[in-house]
Amino acid sequence: MSTSETTERTDVAIVGGGAAGLLAAIWAARTHPQRQIVLLDGAKRIGAKILIAGGGRCNVTNEKVTPQDYCGSTPNAIRKVLSRFTQPQTIEFFAQLGVKLKREPTGKLFPVTDQAKTVLEALLAEVKRLGIEIRLNHRVENIKVVTDTLGESSFEINGPGGHLVCQQIVLATGGKSVPKTGSDGHGLELARRLGHELTPQIFPALVPLQLASQDPLTQLSGIALPVKLELTEVSGKRLAVVEGDLLLTHKGLSGPAVLDMSRHWLAASDERDVRLGASWLPDVSAEALQEELLSLGKRTVRAFLRERLPDRLVDHLLSTASVRPEQTGVDLTKAQRKAIGNVVIAYPLNVTGTLGFKVAEVTAGGVPLSQIDLKTMQSRLVPGLYFCGEICDVDGRIGGFNFQWAWSSGYVVGVSL
Ligand SMILES: Cc1cc2nc3c(=O)[nH]c(=O)nc-3n(C[C@H](O)[C@H](O)[C@H](O)COP(=O)(O)OP(=O)(O)OC[C@H]3O[C@@H](n4cnc5c(N)ncnc54)[C@H](O)[C@@H]3O)c2cc1C
């Protein structure tokens with residue numbers, strides 16, 4: 001933005017240089033080389049989230065991406081955007097930039113270098129090649145729609161860096177997760193001030209869940225195992241089921257299954273009383289476990305469970321079920337077998353909250369897709385205003401889906417500007 005008294009102008013201003021803003025800038029410059037594009041970012045360094053993603057390896061996309069991998073806006077709306085720049089197109093796009101991706105057994109795609117900086121450096125090299133100007137340390141505080149005497153409207157962008165007038169503006173400011181990266185939610189406020197109604201709930205997603213400090217599970221920190229998590233209403237109605245790995249920490253619960261469950265728990269627990277249960281033996285049904293317990297004979301229940309589960313967890317489960325570890329199958333009462341079944345297959349997790357936006361990988365909620373023309377990602381309310389990336393009401397599960405949303409929506413903006 002200009003620090004001089006004269007008003008500086010550009011054709012397009014992209015606010016936010018994360019995954020979505022970079023894609024929008026690249027595709028805008030490729031599609032309309034004659035247009036002047038300025039990318040403004042409040043951070044000192046660009047692409048912080050790309051660098052920390054996937055444990056520093058950046059899970060760029062997934063081998064299979066469907067609208068069902070997302071929550072927030074309707075699957076149909078999400079499909080419209082994803083289908084414009086699909087996962088194969090993403091692979092091809094990065095290959096052209098010199099970034100080869102490899103598929104891991106989970107279906108996640110990473111750069112073959114296993115380094116997120118390969119992805120960021122390739123994007124920045126393309127930005128440079130296309131002559132796009134990036135201005136760092138340029139946080140946008142306010143955006144005003146101004147109409148001239150001929151009735152032409154433009155946007156006046158203000159911030160500590162000065163002011164800039166543009167014909168079209170893209171809000172690619174991300175959500176509220178990990179605010180120290182620069183995505184502190186101010187972009188959502190800018191959208192609201194420009195007339196957009198945000199979703200009633202904006203909350204952290206892909207976030208560890210907290211347990212009370214005296215919860216015995218916090219004593220088992222370090223244990224990781226595959227589980228099945230089930231979220232139900234008090235009536236027993238099932239709201240969500242997630243299978244995957246869980247990690248017990250000194251604060252509570254983490255790991256992919258927990259992160260994926262977190263947005264369902266938060267969305268539901270805000271409105272009603274819900275229960276979150278864990279099956280520590282996700283492949284065993286309640287009935288099958290009862291049959292195995294019945295046929296234990298003279299083996300101890302502890303030995304039986306320790307073959308399948310970590311020792312410390314087994315001791316905790318048996319004590320919760322009020323069963324002595326040395327009890328053998330023949331000693332077990334029917335009530336004890338039932339109690340073991342309850343703690344092994346439907347262990348009640350007493351979640352007290354989440355670790356919040358500070359560590360959440362993504363933001364649930366934002367600008368609803370119903371307020372955006374999905375052919376162009378232009379606002380239905382403010383002509384010339386565009387959205388892409390996490391600012392939109394779309395959040396994906398773990399596995400590269402959030403970047404795929406950023407690439408796809410950024411592409412649609414870029415070719416439409
Ligand atoms: C720890 C972690 C790991 C993750 N790992 C993965 C992964 O492996 N795979 C995956 O698919 N997803 C992952 N995600 C999610 C993914 O990183 C995000 O969904 C994605 O980066 C969002 O891109 P974006 O461009 O919409 O927003 P962001 O990347 O958040 O970028 C927004 C940019 O806008 C700037 N900005 C904000 N407000 C203003 C303002 N007012 N003025 C100027 N600039 C502003 C910010 O500085 C920032 O640079 C991870 C997230 C985290 C936090």
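Residues numbered from 1 in each chain as written. Predicted model: local features only at pLDDT ≥ 70, side-chain atom pairs only at ≥ 80, totals over all residues. Heavy atoms only, no water.

Peer 1: Looking at this structure, I do not really get the overall build of the protein chain. What am I missing?
Peer 2: The helix and strand inventory of the protein chain stands at 12 helices and 23 strands. Taking the principal axes of its C-alpha atoms as reference, the protein chain extends roughly 90 × 40 × 35 Å. Residues counted as buried form 54% of the 417 residues belonging to the protein chain. Considering only residue pairs separated by 6 or more positions, the protein chain has 73% of its internal contacts joining residues 24 or more positions apart. When the accessible surface of the protein chain is split by element, carbon and sulfur atoms take 50% of a total near 18400 Å². Averaged over its 46 positive side-chain charges, the protein chain has a centre that lies 2 Å from the centre of its 42 negative ones. (Helix = DSSP H or I, 4+ residues; strand = E, 2+ residues; numbered from the N terminus. Buried < 20%, exposed > 50% of the residue type's maximum accessible area, 1.4 Å probe, protein only. Contact = heavy atoms within 4.5 Å. Areas by Shrake-Rupley, 256 points an atom, 1.4 Å probe, with all protein chains shown as cover. Lys, Arg positive; Asp, Glu negative; His and termini not counted. Charge placed at Lys NZ, Arg CZ, Asp CG, Glu CD.)

Peer 1: Even after reading the chapter, I still don't get the sheet that holds strand β18 (residues 351–354), so can you show me in this structure?
Peer 2: Sheet strands pair by backbone hydrogen bonding; their relative direction is either parallel or antiparallel. Within the open sheet, the 7 strands sit side by side as β17-β16-β13-β14-β15-β12-β18. Their pairing is antiparallel. Here the strands that pair on one side only, and so sit at the sheet edges, are β17 (347–349) and β18. Strand-to-strand twist of the sheet, defined as the mean angle between neighbouring strand axes without regard to direction, takes the value 40°. Alignment of strand β12 (residues 209–211) against strand β15 (residues 252–254), held across 2 bridges, turns out to be antiparallel. Within β15, the position partnered with Q210 by the bridge is G252. Lying over the sheet, helix α7 (residues 256–269) contacts β12, β13 (224–233), β14 (238–248), β15, β16 (274–279) and β18, oriented at roughly 140° with respect to β14. (Pairing = 2+ DSSP bridges. Axes fitted to C-alpha atoms, helices over the stretch in contact; angles between N-to-C directions.)

Peer 1: Could you clarify how one ought to interpret the domain arrangement of the protein chain in this entry?
Peer 2: Domain boundaries in the protein chain define domain 1 (8–202 + 362–416) and domain 2 (209–354). If you average the C-alpha positions of domain 1 and of domain 2, the two centres end up 40 Å apart. Opposite the 7 residues of domain 1 that make contact, domain 2 presents 8 residues. Counting each side, the surface lost to burial between domain 1 and domain 2 is near 540 Å², with a carbon and sulfur contribution of 50%. Three residues stand out in domain 1 for area buried against domain 2, namely C71, Q201 and I398, and they jointly supply 73% of the buried area on that side. At the junction of domain 1 with domain 2, the criterion picks out 1 salt bridge. The residue makeup of the side of domain 1 that touches domain 2, split by class, is 3 nonpolar, 2 polar and 2 charged. (Domains from an automatic or database assignment. Buried area = accessible area lost by both parts, 1.4 Å probe. Salt bridge = Lys/Arg side-chain N within 4 Å of Asp/Glu carboxyl O. Nonpolar A, V, L, I, M, F, W, Y, C, P; charged D, E, K, R; others polar.)

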